[in-house]
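# Residue-level structural notes
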Amino acid sequence: MQAFQKPNLLCSLRNLNLKYNQLFLNHFSNKATYGITVASLSLSHAHNATYYMSNTLLNVGEIMSNNNESNKTTKFTAPGMSDESAQKTIATLDNRMVALIDLQLTLKHIHWNVVGPNFIGVHEMIDPQVDIVREMTDTIAERIATLGAVPVGTPKSIVDRRTWDEYSVGKGLVTEHLAALDKVYNGVNADHRKAIETLSELDPVSEDMITSQLADLEQFQWFIRAHLESSTGELQS
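Next up on the list: the overall build of the protein. Along the protein, the regular secondary structure elements total seven helices and two strands. Mapped in sequence order, the helices and strands of the protein form the string α-α-α-β-α-α-β-α-α. The buried share of the protein, taken over its 237 residues, is 35%. At a minimum sequence separation of 6, the contacts of the protein that also span at least 24 residues come to 75%. Surface accessibility of the protein: about 14600 Å² in total, with carbon and sulfur atoms responsible for 56%.

Here it is as structure tokens:
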């Protein structure tokens, strides 16, 4: 049988199915070997469909693997936005996306490893932060895609683009983890604020998005600092 084209999986399989049905009606409707013929056609159909699907999935996998680079872009961006502004906006957003992916993983690490007095309060306080930071990451990634770039969130790519030190506390007391987390929020929130300044010159939509996120991030840091603050307004370190 002649090899068939692969422009569209569903379309090709549908055409193949129609082809076999027509062959059956034309040549086998009056045969005594009806059962054997149907079985043979079904096996042949399934073999070709499986072959086609496996090759299609392989091609998709190759495309995903080969194109998993942050500098890959489409040939469009948001209407009314210059390519230069789009590229600078994408670079700023990419930096914030990496920071938030790192933050959500760090928060989950703390959730698992905090011990000691007030454990349960801190343990349960962290999880909602994880969920909201994850949503922030998704929002930024989709904005990057909207502007015509590829949001890359694979583990190695995140490590390669990260510019800060690894979180250093393993299993630790509440005060140890919260003091370290306060420093993490210092970096994340300060860089979000810098991003707002940068984006104000480039893209008011992205600026508004990051501004909204910073309001939540600063509130989360307030929650952390409330556990570290003394009656005189000083933070334990």
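From this point on, the discussion continues.
The next subject is the packing of aromatic side chains. Scanning all chains against the criterion turns up two aromatic pairs. Both rings, one in F220 and one in F223, keep their centres 6.4 Å apart while their planes meet at 40°; by these two values the pair is tilted. With a gap of three residues between them, F220 and F223 both fall in helix α7 (residues 204–228), about one helical turn apart. Note on F223: relative accessible area 30%, which makes it partly exposed. Here W222 and F223 contribute two aromatic rings whose centre-to-centre distance is 5.5 Å and whose plane-to-plane angle is 40°, an arrangement assigned as tilted. An aromatic cluster of at least three residues, connected via ring pairs, comprises F220, W222 and F223.

With that settled, consider the pattern of salt bridges. In this structure the tally under the stated criterion is 12 salt bridges. The residue K88 makes a salt bridge to E84 at a minimum N-O spacing of 3.2 Å. Taken together, the residues K88 and E84, both in helix α3 (residues 83–113) and four residues apart, mark about one turn of the helix. Overall, the relative accessible area of 43% leaves K88 in the partly exposed class. In this structure, K156 engages D160 in a salt bridge whose closest nitrogen and oxygen atoms are separated by 2.8 Å. Separated by four residues within a single helix, K156 and D160 lie in helix α5 (residues 155–161), roughly one turn from each other. Each of R96, D191 and K194 takes part in a single network of salt bridges with overlapping partners.

Here α3 crosses α7 at 25°, and the two axes come no closer than 12 Å. Of the possible angle classes, the one that applies to α3 and α7 is roughly parallel. Where α3 crosses over α7, the two elements pack in a sense that is left-handed. Counting all contacts with α3, which are made through T89, L93, R96, L100 and L103, the residues of α7 involved are S206, M209, I210, Q213 and L217. Classifying every residue of the contact of α3 with α7 by side-chain character gives six nonpolar, three polar and one charged.

The next thing to look at is the environment of M136. By the secondary structure assignment, M136 is in helix α4 (residues 119–146). Residues M136 and D216 lie 80 residues apart in sequence; the distance between their C-alpha atoms is 9.9 Å. If we ignore the near neighbours within four places in the chain, the residues touching M136 are L100, Q213, D216 and L217.

Its location among the elements puts I110 in helix α3. The class of I110 is buried, set by a relative accessible area of 0%. Put simply, I110 and H123 are 13 residues apart on the chain and 7.9 Å apart in space, counted from C-alpha to C-alpha. Once residues within four sequence positions are removed from consideration, I110 is found in contact with Y167, H177 and L181.

Take the side chain of T77 next. Positionally, T77 belongs in the loop between α2 (34–66) and α3. Among the polar contacts made by the side chain of T77, one reaches the main-chain carbonyl oxygen of L147 at a distance of 3.0 Å. Setting aside anything within four residues of it in sequence, one finds T77 in contact with D83, A86 and L147.

About the thresholds
Residue indices begin from 1 for each chain and proceed along its sequence in written order. A pLDDT threshold of at least 70 governs which residues receive local features in this predicted model, and a stricter bar of 80 or more applies before side-chain atom pairs are shown or counted, although totals over entire chains, interfaces and linings include all residues. The basis for every side-chain value is the complete set of non-hydrogen atoms in the structure, without hydrogens or water. Secondary structure elements are taken from DSSP: a helix is a run of H or I of four residues or more, a strand is a run of E of two residues or more, and numbering for both begins at the N terminus. Relative accessibility under 20% of the residue-type maximum defines a buried residue, over 50% an exposed one, and the middle range a partly exposed one, all with a 1.4 Å probe and only protein chains included. Contacts: residue pairs with any heavy atoms within 4.5 Å of one another. Surface accessibility in these figures is a Shrake-Rupley result with a 1.4 Å probe; residues are shielded only by whichever protein chains are displayed. Planes of paired rings set the category: under 30 degrees apart is stacked, over 60 is edge-to-face and the rest tilted, where pairs are Phe, Tyr or Trp rings (Trp by its six-membered ring) whose centres lie within 6.5 Å. A side-chain nitrogen of Lys or Arg and a carboxyl oxygen of Asp or Glu constitute a salt bridge if their distance falls within 4 Å. Axis angles are defined between N-to-C directions and span 0 to 180 degrees, where every axis is a line fitted to C-alpha atoms and, for a helix, only to the segment in contact. Should an angle lie under 35 degrees it is considered roughly parallel, over 145 roughly antiparallel, and from 65 to 115 roughly perpendicular; all remaining angles are considered oblique. Each helix crossing is assigned a hand: it is left-handed if the near helix lies turned anticlockwise from the far helix by less than a right angle, otherwise right-handed if that turn is clockwise. Residues were grouped as follows: Ala, Val, Leu, Ile, Met, Phe, Trp, Tyr, Cys and Pro as nonpolar; Asp, Glu, Lys and Arg as charged; and all remaining residues, including Gly, as polar. In the analysis that follows, any N or O atom pair within 3.5 Å is treated as a polar contact, provided that within protein one partner can donate a hydrogen and the other can accept it, and provided that, for residues neighboring in sequence, both atoms belong to side chains.

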